[in-house]
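Coordinate analysis (summary)
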Amino acid sequence: MNTDNTETRCGVVAVIGAPNAGKSTLVNALVGQKVAITSPKAQTTRARLLGIALLERTQMVLADTPGIFAPKRRLDRAMVSAAWEGAEAADAIMLVVDSVKLRRHELEPLLERLAHRSERKLLVLNKVDAAKKEALLVLAQDLAAKGNFDEIFFISALTGDGVPELKAQLAGMMPEGPWLYPEDQVSDASERLLAAEVTREQLYRQLRDELPYDSAVRPESYVERPDGSVEVRQQIVVGRDTQKAIVLGKGGSRIKAIGEAARNELSELLGQKVHLFLHVKVEENWAEDREFYEVLGLDWVK
Ligand SMILES: Nc1nc2c(ncn2[C@@H]2O[C@H](COP(=O)(O)OP(=O)(O)OP(=O)(O)O)[C@@H](O)[C@H]2O)c(=O)[nH]1
């Protein structure tokens, strides 16, 4: 914890944007290590994870909100509501935009809602590594005219280009006050939840389009063993038997590969040896199951 007498700053930054804009990648880049999962498939961020970034005497609590899009299913509505809740108590709101694939129909409503917010607002044009310069300038002008932003940044969350400048600017926007979290804490997600996120990321990575969205990872137990290793048990929940077969693969080969990759990654993240046990469970209407929302860190929305 910060103990000397120099003035500290601390504040909350809400990170919003259309699905796949690169919010999680940016949060990880600002924090300096992996706290939120990323994937090429849209809408992977379900639980609301916080990243905590430090710059000298300033602590920035980043609300990594789920991608905001037009909600249909109950689960989706809960995600959207969690995203706006993240923006409720913020000292700054950061709108992250994919400057290559704009997703205008998802961006426009965000711009409209943002126009009525009184917080400091930053427009962050991401993925500049893959965008054309001339197009970027036109885009920036177009969005700036609509959003009344305090600052505009051109960055690549992937390469890190522009991220230090953005971080310094954000730090300057945070109010004076004591830090909310200890210096070594980078996320408020419990390790149990982080472990489930890591498995879910592997599930998406390895099965891509074979597996529909109605699958999830439910943490069952997380136990530290006396030898310093950790035993993690999780359920992979799917909606149908056919999906279970996909997750298992021939002779269990798929789930073995998923488990190995997740275990290696988790063990690196935690700096501990990990024993990971996965079970696949078929639950027809899991997406309507209230208890599940609580496990995912989401509120139940009717
Ligand atoms: N080329 C390029 N790709 C990027 C950049 N930032 C993120 N990506 C990629 O964009 C994809 C989506 O990134 P995420 O960070 O998961 O996006 P997100 O906004 O958190 O997505 P949701 O969880 O759907 O809300 C991933 O494949 C990233 O590797 C960037 O600066 N440049």
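As a reminder, the structure under discussion sits directly above these lines.
None of these values were measured; they are calculated from a predicted model.

**Focus: the sheet that holds strand S9 (residues 274-282)**
Strand order in this open sheet of three strands is S7-S8-S9, and the pairing throughout is mixed. At either margin of the open sheet sits one strand with a lone partner, and together these are strand S7 (215-224) and S9. Going across the sheet, the axis of each strand differs from the next one's by a mean of 20 degrees, ignoring polarity. Note that strand S8 (residues 230-238) and S9 share nine bridges and pair parallel. Looking at the pairing, Val 232 lines up with Leu 276 of S9. Along the sheet, helix H6 (residues 191-207) makes contact with S7, S8 and S9, crossing S7 at roughly 140 degrees. Sheet contacts for helix H7 (residues 241-248): S7, S8 and S9; angle to S9, the most-contacted strand, approximately 155 degrees.

**So, the pairing of S7**
Pairing of S7 with S8 involves nine bridges; the strand directions are antiparallel. Note that in S8 the partner of Val 217 across the bridge is Ile 236. Between the end of S7 and the start of S8, which pair antiparallel, lie five residues, with Gly 228 showing a positive phi angle near 90 degrees.

About the criteria used
- Residues numbered from 1 in each chain as written.
- Predicted model: local features only at pLDDT ≥ 70, side-chain atom pairs only at ≥ 80, totals over all residues.
- Pairing = 2+ DSSP bridges.
- Helix = DSSP H or I, 4+ residues; strand = E, 2+ residues; numbered from the N terminus.
- Axes fitted to C-alpha atoms, helices over the stretch in contact; angles between N-to-C directions.
- Contact = placed C-beta atoms within 7 Å.

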